[in-house]
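An overview of the molecular structure
Residue strings, one per chain:
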Amino acid sequence: MVSMADLDWVTYQKSVSEGNSIIFLPIGALEQHGPHMSMNPDVLIPTAISEAVAHRLSNAMVAPPIAYGYKSQQQSGGGNHMPGTTSLDGQTLTHTIRDVIKELARHGNRKIVMMNGHYENSMFIIEGIDLAIRELGWDGITNMNVMIISYWDFVEAPTIKLLYPDGFTGWDLEHGGVLETSLMLHLYPHLVDIDKIVDHPPATFPPYDMFPVNSDLTPPSGTLSSAKNASEVKGEILMNVCVEGISLSVEDVFNVDYVKSITKKTA
């Protein structure tokens, strides 16, 4: 795996000029994740997963992440009113994604994996990709292929049952909960203070949204479910599941060599 930003331009040009490299672009957010954790899990986790997957693939590299995301929504991130959460307008994020994709294409890249780490980014990523592909087509570039991944989609039922024996509340209420806290304990333990975890029932919301939001509906902690059952062991399980599943999917979509496979090693 190569960090795109660490390369000199000549080496980079040689690597991507034929369009066979896979560029991973992590997209996250600066968003509060409760009193027990730093505000950058949405950037750090997809970046770490991108790096781990790129290690398992031939001719892959990771671009610097887009570190700001779309506005935190109350029913999935606590709300954009929370201190520390620093967000972009949808149009700004869309155009940033469009511009970065077009620049990567100008360099010769034709295979990009957008690694999303922030629930609210999804539709703006899609719009940015759509605009980029359309505008690249105007310039005669018609062979651009972009894959979108939200890493939590690779955590399937058996793993969910293992990690949530008392029941699973859904990804929307996992903000600052077991998933992110466990991954951070595994990847960046110095950014988690488990003594500050606030144990409370999952947040409850009406089946609609109101704007401006009623801030009283957001738990005072900022998290939407308890992280008390998070652990480094669960984080390692989650990391392995995500890296393995994503690696196999990227291999299948882009027809590249899968250099290191957890599954193949244990088969």
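Just above, that's the structure.
Residues numbered from 1 in each chain as written. Predicted model: local features only at pLDDT ≥ 70, side-chain atom pairs only at ≥ 80, totals over all residues. Heavy atoms only, no water.

Description of the pairing of strand 5 (residues 145–150)
- Summarising the sheet, strand 4 (residues 111–116) and strand 5 pair through 6 bridges and their orientation is parallel. Note that in strand 5 the partner of K111 across the bridge is N145.
- Considered for its hand, the β-α-β crossover made up of strand 4, helix 5 (residues 122–138) and strand 5 is right-handed. (Pairing = 2+ DSSP bridges. Helix = DSSP H or I, 4+ residues; strand = E, 2+ residues; numbered from the N terminus. Right-handed = clockwise from strand over helix to strand, strands pointing away.)

What about the side chain of E135?
- Relative to the assigned elements, E135 resides in helix 5.
- One polar contact links E135 to K102, side chain to side chain, over a distance of 2.8 Å.
- If sequence neighbours within four positions are ignored, E135 has contacts with R98 and K102. (Polar contact = N/O pair within 3.5 Å; in protein donor to acceptor, adjacent residues only side chain to side chain. Contact = heavy atoms within 4.5 Å.)

Let's talk about the side chain of H33
- Structurally, H33 can be placed in the loop between strand 2 (22–27) and helix 2 (41–55).
- Look at H33 and you get buried, because its relative accessible area is 0%.
- A distance of 2.7 Å separates a polar atom in the side chain of H33 from the backbone oxygen of E31.
- Here the side chain of H33 touches E180 through a polar contact of 3.2 Å, side chain to side chain. (Buried < 20%, exposed > 50% of the residue type's maximum accessible area, 1.4 Å probe, protein only.)

Things to note about the pattern of salt bridges
- Scanning the model with the defined rule gives 6 salt bridges in all.
- In this structure, R98 and D99 form a salt bridge, with 2.9 Å as the shortest nitrogen-oxygen distance.
- Using a relative accessible area of 18% as the deciding quantity, one classes R98 as buried.
- By relative accessible area, D99 is classed as partly exposed at 37%.
- The partner of E135 in a salt bridge is K102, with the nearest N and O atoms 2.8 Å apart. Linking E135 in helix 5 with K102 in helix 4 (residues 90–107), this pair joins segments that are 33 residues apart in sequence. (Salt bridge = Lys/Arg side-chain N within 4 Å of Asp/Glu carboxyl O.)

Side note on the sheet that holds strand 4
- Sheet architecture is open: 5 strands sit in the order 1-3-2-4-5, paired in parallel fashion. One side of each edge strand has no neighbouring strand; the edge strands of this open sheet are strand 1 (2–3) and strand 5.
- Where strand 2 meets strand 4, 6 bridges bridge the pair, whose relative direction is parallel. From the neighbouring strand, P26 faces strand 4, where its bridge partner is M115.
- Where helix 5 meets the sheet, it contacts strand 2, strand 4 and strand 5, and its direction lies at approximately 175° from that of strand 5.
- Of the strands in this sheet, strand 2, strand 4 and strand 5 touch helix 8 (residues 232–254), which is tilted by about 165° from strand 5. (Axes fitted to C-alpha atoms, helices over the stretch in contact; angles between N-to-C directions.)

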